[in-house]
Structure formats: C-alpha cells, structure tokens
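This is what each chain is made of:
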Amino acid sequence: MSTTTYNVIGTRPVRHDGADKVTGRALYGADLQLARMIHGAVLRSPHAHARILRIDTSKAEAFPGVFAVVTAADFPEAPADKIVDFGEGDTMLSSLRGNILASGKVLYSGHAVAAVAAVNAHVAAEAAALIEVDYEPLPCVLTAPEAMAPGAPILHDDLPNGNVAELIRYEMGDLDAGFAEATVIVERELDTATVHQGYIEPQNATAFWSSDGRIHIWCSTQGSFVARDASAAVLDVPVSQVKVTPMEIGGGFGGKINVYLEPVAAMLSKKAGRPVKLVMSRRDVFTGTGPTPGSRVRVKIGVNDAGKITAAQAWLAYEAGAYPGAMVGPGAMTVFACYDIPNVLIEGFDVVVNKPSTAAYRAPGAPNSALATETVLDEIAEKLGLDPLELRLRNAAQEGTRRADGPRYKRIGCIEVLEAMKASPHYNAPLPGPNCGRGVAIGFWFNAGLPSSATLSVNADGTVNLIEGSTDIGGSRTSLSMQAAEVLGLRAEDIHPTIVDTDSVGYTGVTGGSRTTFSTGLAVHDAAQIVVEQMKARAARLWAVDEVAFSNGVFSANGQSFTFAELAAQLGATGGPVSCSATVNPKGVGGSIAGLIIDVKVDPETGKTDVLRVTSVQDAGKAIHPAYVEGQMQGGTAQGIGWALNEEYFMDTAGDMRNGSYLDYRMPTALDLPMIETIIVEVPNPGHPFGVRGVGEANIVPPLAAVANALYRATGKRLNRVPMNPATILGL
Amino acid sequence: MSVKVQVQTTINNEPVEFLCEPRQSLLECLRDIVGLTGTKEGCGDGNCGSCTVKLGDRIVTSCLVLGVEAAGESITTVEGLAHGSTLHPLQKAFLDHAALQCGICTPGFLIAADALLQKHPHPTEEQTRFWLSNNLCRCTGYDKIVRAVQAAAIEINGAAQ
Amino acid sequence: MATVFFPTLVRQQTGGLAQIEVPGATVGELIIAIEARFPGISKHLLRPNLAISVDDEVTPLGVLEPVRPDSEVHFIAAISGG
Ligand code: FES
Ligand code: FES
C-alpha cells in the first residue's frame, strides 16, 4: 500500500475550471457562436437495412435559406483496404466514412444519409425533410446469435465469414484435464442488451473550411488529435490542414472518441463558404452514435474441493453494430482476468448487426463478460458453502499470474480490493429485512498509456502556466496541475492549466482508457522536472556554485536559498524565461481492479428493485485528487446499476429504436440511487512516479454481476438477461 | 421563415428585449438570441433538466417553453446566481464537494436546487433526491450533488433545528 | 534467445506450435527469424489490431522494442478504452 507522503497529491483543491462551470461561462461545443455561422441538420435512414437507389437533393437545395447540401457522393472515395491509425486502435477508412454518411446501403435505422446547412437549424431540418431518398428495404438482423446463424441477412459482402468480422481465441493449459479435476462445475449463458453511454451533452461540431484550404473544427471530443486525424482521413486532406479546438465536453465515457459530425460540418462549410454548426438531437445521439454492444456470453467454470478454480471456458458473441469492432477482444481478455486459472479456453466473435456502429463505453467489453464469470462464481461459492469473497480470494490474480492472452501481471491490487471489500462496514452489516439481497462482484480493466504532451512556463510571480491537450471531462486540469505542483513544490492553485488546440501543443491521445492522469500526468511530471533542472541552473548562476539542491519548493546551496517564487522573479536577469515541454508515450501502465457490494430490495408483486446500499471499491494506484477519484467510482457505479436494472435499446422487429428519448431510455435519477460509498485502495503502480493507475473505467465492470447476485439472494432466481427489469424478474 | 415577435422580459434582474420566431423555445432564445449559453440543452424534450431556468416563481425546463411566453416575465438563469464576483453558496458548495465532473448538468441542478432551498430550507436527503429527480447527471451518480445541496442549505439557512 | 508466443489463431501457420525461442535483439529481428522458419507468418503477427507485449507490457515501440535473451513476446488484442 501507498506510504510516500506528498504535499499536494492526495488533497482536494477546488478545480481550476470550477468557477467557469458553475457560473455558465464555460463554453461547450454547442455554445460556440461565430460570425456568419450557419446551422445544419442531418437526414437519417428510417430503415435498418436497405439499398439506397436514388437520392434527390434538388428540393432541399432550392429551399429558401439553404446554403449547402451534402451526401456521401461529395466525399472522396475510401480505398477498400485503407486503414487509419489513430494511435488508439485502428479503423478501416471505409467503415469510418461509410458510417459518417451512408453510400450504397444503409445499415441501421438512424444511419446518416445527407446533411443540409441553412440560415438556422429549423430551416435546415425543414430542408432535410425535402430530400428524397428511394430505398429498397432489405431483411435486417439485430442480435449476434441471429446474425451468426446460417441464412442470416449479410451486411457486408467483403467479410470472409458472413457477419462474423473477427474471431478471438485464447488457450492456456489443458481444459479437459482441468475440468476433470473439478468437483463443482457450473455453466451459464447470459445476454446483455445494447446500452448507451448517455452523456448529457449531445455530439456537436462546428467547422470552417477557409479559402486557403485550412479547416478549423470546434467540437466536444475526448481527443482533439484523434478528431483531427479522423476528420483529415475522411476528407482526404493532410492532418496539418485540420485544426481542432476542443470545446468543454459534457461527458463522453468512450462515446466521444469517434467522429460523426466533424467531417460533415467541414464539407458543408466548404460548399457554403461559412462556418457550419451541427448539433445532434437526443434521438440522433441514441440512433446515430455508438452505443455499447449487446452480447451473449457463455461461461463454464470448474472448482475443486479446496475452492481453487481448475478450469474455465468462455464463449462470447458481441454485437459490433453496423461495422466491425465490437470490443470482443477486451471482453475476452478480461473475462477471467481477475483470477489465476491454469486451464482456460476463450472464444470470441465480433458480429455485425443492423444497429448503430458500437463505440467504447468505460472498460469496453468487460462488463458483459464479467457478468457471466462473476455470477457463475457466486453460484459456485454457494454450492461450496464458501463466502463469495473468500472464493475469489483463493483464486485472486496477483503479480506474476499469467492471463489467458499471454502476459503476466505486474503488481496489481486484486487481493487488496477483495480484502477491503471483506473488511468494509457495508459487508459486515446485516441486511435490513425480507426480499433483500446482497451481491458482490469484482472486475478488471487494463487502462491505457498512449502519447501525451505538456508545456510548463514559469511566470515572474512564481506561478506556472500549464499548456496541455487532454480535454477535461472530470477534473483532469486539476489532477494534472497537482502533479506539476507536487514536483515544483507549489500549491495546486499556483498552476494555471489551459487546454489548447491541436496546433498549439504536442500530440496527445484521448481522454479515455483511464489514461489522462497517468499519461498526461507523466508528461506534466517530466516537464516539471526539466523546469526544476533549469531553475537550479539559474540559481547556480546567481550564486556562482556548481550544485543546487531543491526540495519542497526551495532552491538552496551553501546556506543560501530561494523559494520557487523568489527565483522565478529573477529569471529575466539570469538567462530569460523558463518554459519546458515533455512528450511521453509510456509503458508502465497499471491495470485497475474494482469491486462492488450492493444491497437491493425487490417488491415481489411488481418486480421493482430498490437499491438500498452501495459500496464501490477500486485500486487507484495513487489517488491524486481523491474527490474526483470517488466521483469516477460513483459515476461508473451509477451507470453500471442503470445498465443492470433498466437501460436497453428497445428495438422493434424492423430494427427501429422505440425508446430513443430520455423519457423511455430511463437512466438512473437521483431518486433511484442511494449515497454511493467509496473505498479507494492504493496499490501504487510502479510504472508511474506517483503510482497512478487510472480510475475511469474498472468501476463499471462489477455492477452488472453484483446486481444479478444481489437479486438472486433477494428472489432466489438466477436471471440470465440484462437489464434485470421488473419483466425479467417476474419472468414475464 | 416566419415573422418575428418582439419579446420584452427581465433576465437576471435586467430588462431584456429580443426578437424571436414564434416557434423558438425559450431555451433557444436565451442561448442563440440573448447569448446566455450557460443554460444547456441535453434533450430538447423536457427529460434531462439541463435547461432548467426560473420563470416567475417556478422552475421550468426552458426547452418546453416558447420564447414568446417569456413576455413580461422575470427569468433567472445560471448566469444570474452569483452576486457580482461572489459565488452563490450553492455554486461554492458544488465546487467544494466536487459535485460536477463534466459540468454540463450543473447549471440546471443549480437552478433547481436554488428553488428547492427556497421551498425547503433544510431538505432531507429524500426531499433533495425527489426534487432533483428531473435533472439527469450521468457523471456523478448524484452522491456529491446531494451532499453539496445539503451543505449549501446549512450555509444559507443555518443548521436545521 | 527470447520466447515468442503465437496467438492461438496463428498456430495454423506453425503446425500447432504455441511458442518458439529465437535469436534477436529487437522484436523485429525475432520476427525476421520466425518468418524464415514459417514463411508468410509475419503478416498474421503484425496486424493493426494486435499489440505487441514484451515482458508483460504492451510496447509503444512495436517491432523496434529491444528484447533480452529471457524476454517473452506476446501478440494481444490492441485496446485503448473508453
Ligand atoms: S433540454 Fe430541456 S429538459 Fe432536456
Ligand atoms: S457532471 Fe456530467 S452530467 Fe453531471
């Protein structure tokens, strides 16, 4: 556990962008106003699968107030096999471009077909409705098992295995021998529905294609450089021709990594010669952006008398939506990742279906597979008469444990998280009464590294400006500033962070993969160390000494000393300003384990579930700003509970989403949840100077299974479908 | 394009006049015409609460109110909560309790919570959750928002008797 | 000699062989050595959706990553996250 003491790290300063965000001054994407700006609307397919026979835009073009109309025909052709490397995982350019505006076929209801720019959004919407599209409807297929069945409608002619875009297979040890050693074997199959990240701010993008060929895009994105690179690829222009200014972002959770509107706004602007703003409606967000995959997962686990898992097998089929990329890889890699299991077979299938192309959602792929593993283990613990946490402790992965996909763990906090759960007040409290149940589960997420950049400039008043490129979705300006302050011996408030556009800072990957505090934090740390070295050199010059010491913000040599601020005031005379940059592309990523304890009460008449008490536990490595670490844990937990109990894309047989509003796609409200207790575990990541692992994602992995296990204790029923809503609970 | 209507109203204690189309929502008028973009749009159909403003003495989702309905009314938006450069106690409590992550829901929560504290100076957790249940937050799980509102209640109205 | 583990689905190219010890100072050199033994295999290992793990860490350097004689090299699904 963490023992180092810090001055700034671990404290809870007010976030730097706080005043702007509570007074309404912070500018989110849709808040942007530019001179001569016009507004767009996107026409979307009403069919889940259809051939486009004809698009006639003439009426829309002639509509008063319309400046431009675009369809896929306005975009450059995508070479069939061109792959775009975003440094985050790669995408086929044809999929990216095909999803932005359909050509040839529409592959889901909500698929964008054309877009209009007009004097205002109302006129644009009216004009879009005048675009005539002739469709030849085709049969659609909506779930992975159906899409894998012989005779299923085929989405893409160029996939080698029908609708299966990718196979994953991991094997370790001897599966049959492992199951032969087991005394208890349980096998279950569970389905999860398609769910959405549900960020409150809809996607938006404003673009201006200047007459000199430069394209400026303002948008809400988790990664300005990824948005730049993807937009440039779709528009077939060099990346240097595109500048992305990241606006404040109203939530993302993985869903604001992909581009949807940016290239369309740019193309409209090129035609119109004016800046064009596109903002999605809530229904557009549900039907036109990436939700997270629905899935079917089968898990079989064998355990011996000593409570040791001897073998485990998993079969996973994930719905990619319209284009390949269902995150079944991480689903397969995480399905047994919390445990040390000698004999394993995992098979995964990435399956295209006629639903929106899926996107990442907090630990993408992992909740679906953990649901199966963690409910099967619960059942095994019951059969063995073992405490469910004890069964997990006997099998917990630790340093050196080999995962089925090959690599061995460095130091991880699985045992520490389980011990913290076991020792928690919640786990040791009695349940309040009948129809109540308590469930537990744990989950793992890798977290990510990827490139990040930062520049620190020392001001003459002893403060420091921080220039960075990680969009701030939940307090990262502050968690980064705190790392600079810790190195420089300053207060968090002495650092002034600014997030700048892609022309103004070195390449920085997405705010995603739980990586910002780790990776951009490392860039900030490294830049701060260079600042210290340069400042030492200045002090050495002033004092005419060779060696200067620096600790707790004080430079000293031979009994002389300067505070950071005192020395900062003298930089001009000692060689000029100090401004230092660092760019990292680190190894040393530390995975995070999270656990959940949840108490529920089920009304046996109505099947309604009330959540009574929740405790979220997570290994942060080191919590830089504990309040925002707790916030990540609470937010991921709330999303996981919504996923478990309520949320789902309700599609009719024609593939149309029937609940594409917040009224019908019901996310948890304040009334649906209790306080969410948190226990931050700190097993430092040896790969980061302060031990940071990253906390954005693992917390959403346990809730599905923890809720399922709690519902079992409350009702005696093992449910095999998420959401576990009243209908599922009552078996209707 | 339809004929525009002149609307005279009071926003954040200042007289404001604007021209809008009859079909434009109050939310659109505030954001796109008056330039007060602190009020946010999350859904446009009354179900997220991001666009919550005070209209007269009640709170409304401004996406469901027409701009022309604001004529002669008095409106408070998030931009009107602070006194000059001094934050409203609710704003301060939201910062102290880390009650925002992305912050897109925050303006709506602040306006709704302000109305709550005027009606219930010392709301229970249950009352707070009930009152705020028309405001969606996807980031926080509500825990820190509820705590911030209750802390602000004590700050404004003193400890409950 | 570093040990290279073949992904399960690539073992069709190796006649079922799961791992191999080959000489080389970088991942790239290991792959050249493997390619010599199993012609055509490198295109199955160097794919955009596979990340390279050396000594249990995904390496941003890819084929340029140095390896030691006792290194383990795996090819695993590339992941970024949400
Ligand atoms: S935008 Fe008005 S309630 Fe959502
Ligand atoms: S803070 Fe992001 S929606 Fe509430």
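Residues numbered from 1 in each chain as written. Chains lettered and ligands numbered in written order. Predicted model: local features only at pLDDT ≥ 70, side-chain atom pairs only at ≥ 80, totals over all residues. Heavy atoms only, no water.

A. Structural context of the overall build of chain B. Summing up its helical and strand segments, chain B has five helices and five strands in all. When the helices and strands of chain B are placed in sequence order, the string is β-β-α-β-β-β-α-α-α-α. For 161 residues, the compact-globule formula gives about 15 Å, and the C-alpha radius of gyration of chain B, at 16 Å, lands near that figure. Expressed as lengths along the three principal axes of its C-alpha atoms, the size of chain B is roughly 55 × 30 × 25 Å. Counting the 161 residues in chain B, one finds 56% classified as buried. With an accessible surface of roughly 6500 Å², chain B has 49% of that area assigned to carbon and sulfur atoms. (Helix = DSSP H or I, 4+ residues; strand = E, 2+ residues; numbered from the N terminus. Rg over C-alpha atoms; globule rule 2.2 N^0.38 Å. Buried < 20%, exposed > 50% of the residue type's maximum accessible area, 1.4 Å probe, protein only. Areas by Shrake-Rupley, 256 points an atom, 1.4 Å probe, with all protein chains shown as cover.)

B. Fine view of the overall build of chain C. Along the backbone of chain C there are two helices and five strands. Expected size for 82 residues packed as a compact globule is a radius of gyration near 12 Å; at 12 Å, chain C falls within 12% of this value. Projecting the C-alpha coordinates of chain C onto the three principal axes gives extents of approximately 40 × 25 × 15 Å. Buried positions account for 54% of the 82 residues belonging to chain C. Of the contacts formed within chain C by residues at least 6 apart in sequence, a portion of 48% connects residues at least 24 apart. Summed over its atoms, the accessible surface of chain C is roughly 3700 Å², and 59% of this surface lies on carbon and sulfur atoms. Side chains of chain C give 5 positive and 9 negative charges; the mean places of these two sets differ by 12 Å. (Contact = heavy atoms within 4.5 Å. Lys, Arg positive; Asp, Glu negative; His and termini not counted. Charge placed at Lys NZ, Arg CZ, Asp CG, Glu CD.)

C. Local environment of the nonpolar core. In this structure, I301(A), F336(A), I346(A), I598(A) and F94(B) are the most contacted members of the largest nonpolar core, which totals 204 residues. When sequence neighbours within four positions are dropped, the list of residues in contact with I346(A) reads I168(A), R169(A), Y170(A), A314(A), L316(A), A332(A), V335(A), F336(A) and A404(A). (Core = buried A, V, L, I, M, F, W, Y, C linked by side-chain atoms within 4.5 Å.)

D. Quick peek at the arrangement of the chains. Considering every one of the two pairs of chains in contact, the largest contact total is recorded for chains A and B. Looking at chain B next to chain C, you find no contact at all, with the nearest C-alpha pair sitting 14 Å apart.

E. Quick peek at the packing of aromatic side chains. Under the defined criterion, the tally for this structure stands at 16 aromatic pairs over all chains. Ring plane angle 55 degrees and centroid distance 6.3 Å describe the contact between F109(B) and Y142(B), whose orientation is recorded as tilted. One end of the pair, F109(B), is in helix α3 (residues 106-119); the other, Y142(B), is in the loop between α4 (125-131) and α5 (143-157), and 33 residues separate them in sequence. Given a relative accessible area of 1%, F109(B) falls into the buried group. Ring geometry for F6(C) and F38(C): centres 6.0 Å apart, planes at 90 degrees, overall edge-to-face. Note that F6(C) is positioned in the loop between β1 (2-5) and β2 (19-22) and F38(C) in the loop between α1 (27-37) and α2 (42-45), a separation of 32 residues in sequence. What links up through ring pairs into an aromatic cluster is the set F286(A), Y649(A), Y662(A) and Y665(A). Over the ring of F179(A) we find K300(A), and its NZ or CZ is 4.4 Å from the ring centre. When the ring centre of Y712(A) is taken as reference, the NZ or CZ atom of R718(A) above it lies at 3.7 Å. (Phe/Tyr/Trp six-rings, centres within 6.5 Å; stacked < 30°, edge-to-face > 60°. Lys NZ or Arg CZ within 6 Å of the ring centre and 35° of its normal.)

F. Quick peek at the environment of S58(A). Residue and element names in this part refer to chain A. Tracing the chain through its elements places S58 in helix α2 (residues 58-62). The exposure class assigned to S58 is partly exposed, which follows from its relative accessible area of 39%. Between the C-alpha atom of S58 and that of I131, which follows or precedes it by 73 residues, the distance is 7.4 Å.

G. A look at the domain arrangement of chain B. Residue and element names in this part refer to chain B. Here chain B is partitioned into domain 1 (5-80) and domain 2 (89-157). On a C-alpha basis, the centroid separation for the pair domain 1 and domain 2 is 21 Å. Facing 15 residues of domain 1, the contacting portion of domain 2 comprises 13 residues. Counting every contact that joins domain 1 to domain 2 gives zero salt bridges. At the boundary of domain 1 with domain 2, the tally comes to four residue pairs in polar contact (both at pLDDT 80 or more). For the side of domain 1 that touches domain 2, the secondary-structure elements that each account for two or more residues are β3 (52-55) and β4 (58-61). Ranked by the residues each element gives to the side of domain 1 that touches domain 2, the list is headed by β3, at three residues. (Domains from an automatic or database assignment. Salt bridge = Lys/Arg side-chain N within 4 Å of Asp/Glu carboxyl O. Polar contact = N/O pair within 3.5 Å; in protein donor to acceptor, adjacent residues only side chain to side chain.)

H. Representation of the interface of chain B and chain A. Taken together, the contacts link 48 residues of chain B with 58 residues of chain A. Approximately 4200 Å² of surface area, both sides summed, lies buried where chain B meets chain A, with 58% of it carried by carbon and sulfur atoms. At the surface where chain B touches chain A, the tally comes to five salt bridges. The closest approach of N and O atoms between K144(B) and E630(A), which form a salt bridge, is 2.6 Å. Summed over the shared surface of chain B and chain A, the result is 25 residue pairs in polar contact (both at pLDDT 80 or more). For the side of chain B that touches chain A, the secondary structure elements donating two or more residues are α1 (26-34), α2 (89-96), α3, α4 and α5 of chain B. Grouping the constituent residues of the side of chain B that touches chain A by class yields 18 nonpolar, 13 polar and 17 charged. (Buried area = accessible area lost by both parts, 1.4 Å probe. Nonpolar A, V, L, I, M, F, W, Y, C, P; charged D, E, K, R; others polar.)

I. Just a nonpolar patch on the surface, in detail. All names here are of chain C. Taken together, the side chains of L46, L61, V63 and L64 make up a nonpolar region of the molecular surface, amounting to roughly 350 Å² of accessible area. Relative to the elements of secondary structure, L46 occurs in the loop between α2 and β3 (50-54). Here L46 falls in the partly exposed class, since its relative accessible area comes to 41%. (Patch = residues over 30% accessible without salt bridge, like charges linked within 9 Å, V, L, I, M, F, W, Y side chains within 5 Å.)

J. View of the pairing of strand β3 (residues 66-71) of chain A. Residue and element names in this part refer to chain A. Summarising burial for β3: five of the six residues are buried, a large majority. Here five bridges tie β3 to strand β7 (residues 112-118), and the two strands are oriented antiparallel to one another. Bridged to V66 within β7 is A118. (Pairing = 2+ DSSP bridges.)

K. Broad picture of the pattern of salt bridges. All names here are of chain A. Using the criterion set out here, one finds 65 salt bridges over all chains in the structure. Close ionic contact of R491 with E493 constitutes a salt bridge, the shortest N to O distance being 3.7 Å. Note on E493: relative accessible area 43%, which makes it partly exposed. Each of R188, D378, E379, E382, K383, R713 and R718 takes part in salt bridges that share partners, so that together they form one network.

L. Structural view of the side chain of K622(A). Secondary-structure assignment places K622(A) in the loop between β27 (609-619) and α17 (626-645). At a separation of 3.4 Å, a polar atom in the side chain of K622(A) contacts the side chain of E682(A).

M. Summary view of the interface of chain C and chain A. Taken residue by residue, the interface counts 23 residues in chain C and 39 residues in chain A. Inspection of the chain C/chain A interface yields six salt bridges. Between E57(C) and K410(A) there is a salt bridge; the shortest N-O distance is 4.0 Å. Inspection of the region where chain C meets chain A yields 14 residue pairs in polar contact (both at pLDDT 80 or more). Sorting the residues of the side of chain C that touches chain A by element identifies β4 (57-58) and β5 (72-77) of chain C as the ones contributing at least two each.

N. View of the sheet that holds β3(A). Residues and elements named next belong to chain A. Strands sit in the order β3-β7-β1-β14-β11-β12-β13 across an open sheet of seven strands; the sheet is mixed. Every interior strand has two partners, whereas the edge strands, β3 and β13 (242-246), have only one. Neighbour-to-neighbour, the strand axes of the sheet open up by a mean angle of 20 degrees, direction not taken into account. Its contacts with the sheet place helix α4 (residues 121-128) against β1 (38-44), β3 and β7, and it is angled at close to 30 degrees to β1. (Axes fitted to C-alpha atoms, helices over the stretch in contact; angles between N-to-C directions.)

O. Expanded view of unusual backbone geometry. The residue after V722(A), namely P723(A), is reached through a cis peptide bond having omega 10 degrees. Here P723(A) shows up in the loop between β29 (721-722) and α19 (726-730). Although it is not a glycine, N13(B) sits at a positive phi angle of roughly 70 degrees. Looking at the secondary structure, you find N13(B) in the loop between β1 (5-11) and β2 (14-20). Here N13(B) falls in the exposed class, since its relative accessible area comes to 73%.

P. How the structure looks around the environment of A544(A). Residues and elements named next belong to chain A. Among the secondary structure elements, A544 is positioned in the loop between α15 (516-543) and β22 (549-551). Using a relative accessible area of 69% as the deciding quantity, one classes A544 as exposed. Linking A544 and A569, residues 25 residues apart in sequence, is a C-alpha distance of 18 Å.

Q. Layout of the state of the cysteines. Using the criterion set out here, one finds zero disulfides over all chains in the structure. Looking at C219(A), it has no disulfide partner, and the nearest cysteine sulfur is the one in C102(B), 16 Å off. The exposure class of C219(A) is buried, given its relative accessible area of 0%. (Disulfide = S-S within 2.5 Å.)

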